[in-house]
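Residue-level listing of the chains:
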Amino acid sequence: MNKQTVHQLILDKLRVDLDIAERAALTAYETATHEENIAENKYDTLGLEASYLAAGQAKRVEEIRQSLALCQNLTLRAYDAQRGIEVGALLGLEDEKGREQWLFLAPDAAGVKVDVVGQPITVITPRSPLGKSLLGKFEGDEVEILVAGTRQQFAVTEVL
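None of these values were measured; they are calculated from a predicted model.

A. Representation of the UniProt feature "domain: Transcription elongation factor GreA/GreB C-terminal" (unreviewed entry) in the protein chain within the structure. Sites flagged by UniProt as "domain: Transcription elongation factor GreA/GreB C-terminal" (unreviewed entry) map to residues 123-159. Secondary structure across residues 123-159 comprises 16% helix and 49% strand; the distance between its end C-alpha atoms is 14 Å.

B. Representation of the pairing of strand β1 (residues 90-95). Among the six residues of β1, five are classified as buried, and the element is accordingly described as predominantly covered. In this sheet, strand β2 (residues 100-105) lies alongside β1 in antiparallel orientation, the contact comprising five bridges. From the neighbouring strand, L90 faces β2, where its bridge partner is F104. Between β1 and β2, which pair antiparallel and follow one another directly, the connecting turn spans four residues, one of which, G98, has a positive phi of 85°. For β1 and strand β6 (residues 150-159), the ladder comprises five bridges, and the chain directions are antiparallel. Note on β6: the bridge partner recorded for L91 is V159.

C. Spotlight on the pairing of strand β4 (residues 119-124). Bridge analysis of β2 against β4 gives four bridges, and the strand direction is parallel. Paired with L105 across the strands is I124, a residue of β4. Here strand β3 (residues 113-116) pairs with β4 via four bridges, running antiparallel. Paired with V114 across the strands is I121, a residue of β4. Between β3 and β4, which pair antiparallel one after the other, the connecting turn spans two residues, and V117 there sits at a positive phi close to 50°.

D. Looking closely at the pattern of salt bridges. The full count for this structure, using the stated rule, is 13 salt bridges. Between R151 and E96 there is a salt bridge; the shortest N-O distance is 3.1 Å. With a gap of 55 residues between them, R151 in strand β6 and E96 in the loop between β1 and β2 connect regions that are remote in the sequence. One salt-bridge network, held together by shared partners, links R77, D80, R83 and E86.

E. Layout of the nonpolar core. V6, I10, L14, F104 and I121 are the most contacted members of the largest nonpolar core, which has 23 residues in total. Sorting the residues of this core by element identifies α1 (3-33), α2 (46-72), β2, β3 and β4 as the ones contributing at least two each. Counting 14 residues, the second largest nonpolar core, distinct from the first, contains L93, L134, I145 and V159.

F. Up close: the sheet that holds strand β5 (residues 142-147). Ordered in space as β3-β4-β2-β1-β6-β5, the six strands form an open sheet in which the pairing is mixed. Each edge of the sheet is formed by a strand with only one pairing partner; in this case those strands are β3 and β5. In this sheet, neighbouring strand axes are inclined to one another by 40° on average, regardless of whether the strands run parallel or antiparallel. On the sheet, α1 packs against β1, β2, β3 and β4 and is oriented at approximately 135° with respect to β3.

Calculation notes
- Residues numbered from 1 in each chain as written.
- Predicted model: local features only at pLDDT ≥ 70, side-chain atom pairs only at ≥ 80, totals over all residues.
- Heavy atoms only, no water.
- UniProt positions renumbered as here; feature names shortened; annotations may be inferred.
- Helix = DSSP H or I, 4+ residues; strand = E, 2+ residues; numbered from the N terminus.
- Buried < 20%, exposed > 50% of the residue type's maximum accessible area, 1.4 Å probe, protein only.
- Pairing = 2+ DSSP bridges.
- Salt bridge = Lys/Arg side-chain N within 4 Å of Asp/Glu carboxyl O.
- Core = buried A, V, L, I, M, F, W, Y, C linked by side-chain atoms within 4.5 Å.
- Axes fitted to C-alpha atoms, helices over the stretch in contact; angles between N-to-C directions.
- Contact = heavy atoms within 4.5 Å.

Here's what the structure looks like:
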């Protein structure tokens, strides 16, 4: 697994998401400002609803832009066994039932998923409970988090 390839796939995915969000925001804005959507009475709320949608879409565009900028400015470093896991790490985790998953610890863009040769990789951030608990850990370490009152334990199987 190549960390640079994963990073590039994440950037590509964010660019596609940004393009889709920008088009959706433009469409919502055009709908909100179209002359046919001017309210004729207090029960005619199509224009108002469209303006709420346009505002939400504009906010989403800004969130994706911020994620993209932070991820573009991320300097990837090789795993340092002295410093442990840090932002920019690509790592494999195994849960108590032996299920393995791959994660990319990024400064933002939590939840973005990419696929490398059939292997799904999920982006997490240091703000998440799992991301926070992984910082500074090493290959072979175990981490434990509490999610909705349920304890989950993971072993770090590999770090790139």
